[in-house]
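Structural description and commentary
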Amino acid sequence: VNKYGVDAIRYFLLREIAFGQDGNFSNEALIQRINSDLANDLGNLVSRTVGMIEKYFGGTLPAEHAATDFDEELKAVALSTTEKVETAMEKMFFSDALIEIWNLVRRTNKYIDETQPWILCKDESKQAELANALYHVAESIRIISILLQPFMTQTPKKIWAQLNIKDERLTAWEAVTQWGLLARDLTVSKGETLFPRIDMQKELVELETALKAAQAQAV
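Residues numbered from 1 in each chain as written. Predicted model: local features only at pLDDT ≥ 70, side-chain atom pairs only at ≥ 80, totals over all residues. Heavy atoms only, no water.

**Focus on helix α2 (residues 27-57)**
If you look at α2, its biggest bend is around 40°, right at Asn 44. Phi turns positive one or two residues past the end of α2, at Gly 58, with a value near 70°. (Bend = angle between axes of the 7 residues up to and from the residue. Helix = DSSP H or I, 4+ residues; strand = E, 2+ residues; numbered from the N terminus.)

**Considering unusual backbone geometry**
Positive phi values are uncommon outside glycine, yet Met 92 reaches one of about 60°. For Met 92, the position within the fold is in the loop between α3 (71-90) and α4 (94-115). Relative accessible area serves as the criterion here: at 47%, Met 92 is assigned to the partly exposed category. A positive phi angle, near 50°, is found at Gln 116, a position not held by glycine. (Buried < 20%, exposed > 50% of the residue type's maximum accessible area, 1.4 Å probe, protein only.)

**Describing the nonpolar core**
In terms of nonpolar packing, the biggest core is built from 64 residues, with Tyr 4, Ile 101, Trp 102 and Leu 163 touching the most fellow members. Of all elements in the fold, only α1 (6-16), α2, α3, α4, α6 (127-148), α7 (155-162) and α8 (200-218) reach the threshold of two or more residues within this core. In this structure, Trp 102 is in contact with Tyr 11, Asp 37, Leu 38, Asp 41, Leu 42 and Leu 148, ignoring residues within four places of it in sequence. (Core = buried A, V, L, I, M, F, W, Y, C linked by side-chain atoms within 4.5 Å. Contact = heavy atoms within 4.5 Å.)

**Re the packing of α1 against α4**
At their nearest, the axes of α1 and α4 sit 7 Å apart, and the two run at 110° to each other. Considered as vectors, α1 and α4 are oriented roughly perpendicular to each other. In this structure, α1 contributes Tyr 11, Leu 14 and Arg 15 to the contact, and α4 contributes Phe 94, Ser 95, Leu 98, Ile 99 and Trp 102. Of the residues assigned to the contact of α1 with α4, the class counts are six nonpolar, one polar and one charged. (Axes fitted to C-alpha atoms, helices over the stretch in contact; angles between N-to-C directions. Parallel < 35°, antiparallel > 145°, perpendicular 65-115°, else oblique. Nonpolar A, V, L, I, M, F, W, Y, C, P; charged D, E, K, R; others polar.)

**What about the layout of surface pockets?**
Looking at the largest pocket, its volume works out to about 210 Å³. Lining of the largest pocket is provided by 15 residues; of these, Tyr 4, Gly 5, Leu 194, Phe 195 and Pro 196 occupy positions nearest its centre. Those elements that provide at least two residues to the lining of the largest pocket are α1 and α7. A per-element tally of the lining of the largest pocket places α1 first, with three residues. Counted by class, the lining of the largest pocket contains eight nonpolar, three polar and four charged residues. (1 Å grid on protein atoms, 1.4 Å probe; cavity = no way out; pocket = protein on both sides within 12 Å on 5 of 7 lines; lining within 4 Å. Points joined across faces, edges and corners; volume = space filled by probe spheres on them.)

**Some thoughts on the environment of Glu 139**
With respect to the helices, strands and loops of the structure, Glu 139 is situated in helix α6. Glu 139 gets classed as buried once you look at its relative accessible area, which sits at 0%. A C-alpha to C-alpha distance of 14 Å links Glu 139 and Glu 73, two positions 66 residues apart in sequence. Setting aside anything within four residues of it in sequence, one finds Glu 139 in contact with Gln 178, Trp 179, Gly 180, Leu 181 and Leu 182. Within polar-contact distance, the side chain of Glu 139 engages the side chain of Arg 142 at 2.7 Å. (Polar contact = N/O pair within 3.5 Å; in protein donor to acceptor, adjacent residues only side chain to side chain.)

**Considering the packing of α2 against α6**
Following both chains from N to C, one finds α2 and α6 inclined at 145°, their axes separated by 10 Å at the closest point. The hand of the α2/α6 crossing is left-handed. Residues Leu 42, Leu 45, Val 46, Thr 49, Met 52, Ile 53, Tyr 56 and Phe 57 of α2 pack against Gln 127, Leu 130, Ala 131, Leu 134, Val 137, Ala 138, Ile 141, Ile 144 and Leu 148 of α6. Each residue belonging to the contact of α2 with α6 can be placed in one class, and the counts come to 15 nonpolar, two polar and no charged. (Left-handed = near helix turned anticlockwise from the far one by under 90°.)

**Describing the pattern of salt bridges**
Inspection of the entire model under this criterion finds 13 salt bridges. Among the salt bridges present, the one from Glu 16 reaches Arg 33, with a minimum N-O distance of 2.7 Å. Of this pair, Glu 16 sits in helix α1 while Arg 33 sits in helix α2, and the two are 17 residues apart along the sequence. A single salt-bridge network, built from bridges that share partners, covers Glu 16, Arg 33, Asp 37, Asp 41 and Arg 106. (Salt bridge = Lys/Arg side-chain N within 4 Å of Asp/Glu carboxyl O.)

**Considering the packing of aromatic side chains**
The full count for this structure, using the stated rule, is three aromatic pairs. Centroid distance Tyr 11 to Trp 102: 4.7 Å. Interplanar angle 40°. Geometry classified as tilted. Separated by 91 residues along the polypeptide, Tyr 11 in helix α1 and Trp 102 in helix α4 bring together distant segments of the chain. With relative accessibility at 0%, the residue Tyr 11 sits in the buried group. Looking at Trp 102, the relative accessible area reads 1%, which means it is buried. Consider the rings of Phe 19 and Phe 94, whose centres lie 4.8 Å apart with planes at 65°: the pair is edge-to-face. One end of the pair, Phe 19, is in the loop between α1 and α2; the other, Phe 94, is in helix α4, with 75 residues separating them in the sequence. (Phe/Tyr/Trp six-rings, centres within 6.5 Å; stacked < 30°, edge-to-face > 60°.)

Structure representation (structure tokens):
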């Protein structure tokens with residue numbers, strides 16, 4: 001926890017090990033989860049979204065939006081994910097709930113690839129479409145952050161700070177079933193990297209060294 005943070009450890013244990021059952025732990029598996037799920041998927045989604053809003057619109061989206069062909073599917077996946085997560089939670093299938101949340105994380109990343117903001121930004125006539133695409137990603141992130149609250153106690157607050165969400169009604173559990181609660185002229189503030197990538201080989205050597213030192217002191 002001191003090295004990687006409580007949220008990373010909670011995520012690993014709840015995602016990797018079925019609740020109430022024995023499971024395997026290894027440093028390799030932990031680092032792989034942090035790099036793949038937390039750094040690449042979730043962390044990169046938040047940082048690239050906030051970064052694009054800052055780069056293309058100076059940090060504040062224009063209120064005028066124009067729909068894209070991919071909006072409705074993202075919205076449908078986000079809202080259906082909520083139901084799937086609640087069903088899994090009722091049965092205490094915490095790992096299954098996290099799988100559903102990460103399906104939404106990856107679908108949101110795919111939406112970015114589909115709408116291609118880096119292409120839209122080059123066409124002045126596509127500014128409303130660009131704003132709409134980035135708004136949809138931010139709104140999906142808002143829903144993801146609410147769904148993460150039972151599992152990760154600190155990360156959602158860091159996300160809300162970057163999305164400038166101060167109204168608790170937008171982060172209450174009930175708000176996860178409603179799409180479009182963020183202000184259309186959303187203002188963002190880039191923050192710290194949620195989960196920095198870890199150099200696997202270097203980290204394993206350091207962990208092994210620390211383990212041997214602890215074992216030597218225990219003798």
